[in-house]
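This is what each chain is made of:
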Amino acid sequence: MARRGHRPSTGTANRPKFWGRHPVTAALANPNRVVRKLWGTREALSSLDIPASMPVVYADVADLGRLVPSDAPHQGLVAEVEPLEDSWLADLLIEGKDDQRPLVVLDQVTDPHNVGAILRSAAAFDALGIVTQDRHAPPESGTVARAASGALETVPWVRVVNLARALEEIAEAGFWRIGLTGHAEQTLAQAMGTQRICIVLGAEGEGMRQNTEAHCDELAKLPISEKVESLNVSNAAAIALYAVAAR
């Protein structure tokens, strides 16, 4: 499948720092992740299988706290890493062509906590991957890695320039694109059927852009109570992924 109309991200010039046991141990276990340096308390480092060539700095809790954002729960571990190699949508679609794993597309979801939480849910429900815009999504960061709780290392994350064109490519690969929005008339369960599903979610507050909605096959809503106007996008993603897995 040709790589048409978009390219992967060029990444960030700065190496992100990950903190916390799950993000750091997952980064160390990922053969595709380059970990440049590791800081930690003696107690936290003693339980890790650290390559002999890895630069390691023993530090106390206060020193570690100065390496990460204020009050970040580092759990005695901080790692400086290289961003993962860029991924192509075409490659991801080829990888999933023989299975029913769902795909998640995020339209300008910029909060790193939400993207990390969605990655975690994608891992929990065995999604094929997530797709975001290149410019309107957070870079890899300690915040994303912490919220993802290790899933940043296991769930493919594809960045594209043109989301509408990416949705066309996803449709050509056999996915039924369902956009989640509160103004839809049918529920997600009514819209799913038996096809391979691509869940499309919009930005926090604003929802999907009009052109993104136009590139969905159907629009659907979650059957939430009238007591609540809407759900956080990461909560909506988790419920939608569960619904796909349980159908």
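Small disclaimer: the values here were computed from a predicted structure and weren't measured.

A. Expanded view of the UniProt feature "domain: RNA 2-O ribose methyltransferase substrate binding" (unreviewed entry) in the protein. When the UniProt feature table is mapped onto this chain numbering, "domain: RNA 2-O ribose methyltransferase substrate binding" (unreviewed entry) sits at residues 17–87. The distance separating the terminal C-alpha atoms of residues 17–87 is 21 Å; by composition the span is 27% helix and 24% strand.

B. Local environment of the sheet that holds strand S6 (residues 129–133). Sheet architecture is open: 6 strands sit in the order S7-S6-S5-S9-S8-S10, paired in parallel fashion. Looking at which strands have only one partner, the edges of the open sheet turn out to be strand S7 (157–160) and strand S10 (218–220). Pairs of neighbouring strands in the sheet enclose a mean axial angle of 25°, with direction left out of account. Contacts from helix H5 (residues 112–124) reach strand S5 (103–107), S6 and S7 within the one sheet, and its direction differs from that of S6 by about 155°.

C. The arrangement of the nonpolar core in detail. Counting residues in each nonpolar core, the largest one holds 44 residues, and the members touching the most others are Leu106, Leu119, Ile130, Leu152, Leu188, Ile199 and Leu201. At 6 residues, helix H10 (residues 233–246) tops the list of elements feeding residues into this core. Looking at this core, you find at least three residues from each of domain 1 (17–82) and domain 2 (89–246). Ignoring anything within four residues of it in the chain, the contact list for Ile130 reads Val104, Leu106, Val115, Ile118, Leu119, Ala122, Val155, Pro156, Trp157 and Val158. By size, the runner-up hydrophobic cluster in this structure holds 19 residues, among which are Leu128, Val131, Val158 and Ile170.

D. Just the sheet that holds strand S3 (residues 56–58), in detail. Taken together, 4 strands build an open sheet; the order of strands is S1-S4-S2-S3 and the sheet is mixed. Across the chains shown, the open sheet's two edge strands, defined by having one partner strand only, are strand S1 (17–19) and S3. This sheet shows a mean twist of 20° between the axes of neighbouring strands, independent of strand direction. Relative to S3, strand S2 (residues 35–40) runs parallel, the two being bridged by 3 bridges. When the bridges of S3 are listed, Trp39 appears paired with Val57.

E. Region of the structure containing unusual backbone geometry. Phi is positive for Asp71, which is not a glycine, with a value near 70°. Looking at the secondary structure, you find Asp71 in the loop between helix H3 (61–65) and strand S4 (77–81). The phi dihedral of Gln108 is positive, around 60°, even though this residue is not glycine. Among the secondary structure elements, Gln108 is positioned in the loop between S5 and H5. What makes Gln108 partly exposed here is its relative accessible area of 22%.

Definitions and cut-offs
Residues numbered from 1 in each chain as written. Predicted model: local features only at pLDDT ≥ 70, side-chain atom pairs only at ≥ 80, totals over all residues. Heavy atoms only, no water. UniProt positions renumbered as here; feature names shortened; annotations may be inferred. Helix = DSSP H or I, 4+ residues; strand = E, 2+ residues; numbered from the N terminus. Pairing = 2+ DSSP bridges. Axes fitted to C-alpha atoms, helices over the stretch in contact; angles between N-to-C directions. Contact = heavy atoms within 4.5 Å. Core = buried A, V, L, I, M, F, W, Y, C linked by side-chain atoms within 4.5 Å. Buried < 20%, exposed > 50% of the residue type's maximum accessible area, 1.4 Å probe, protein only. Domains from an automatic or database assignment.

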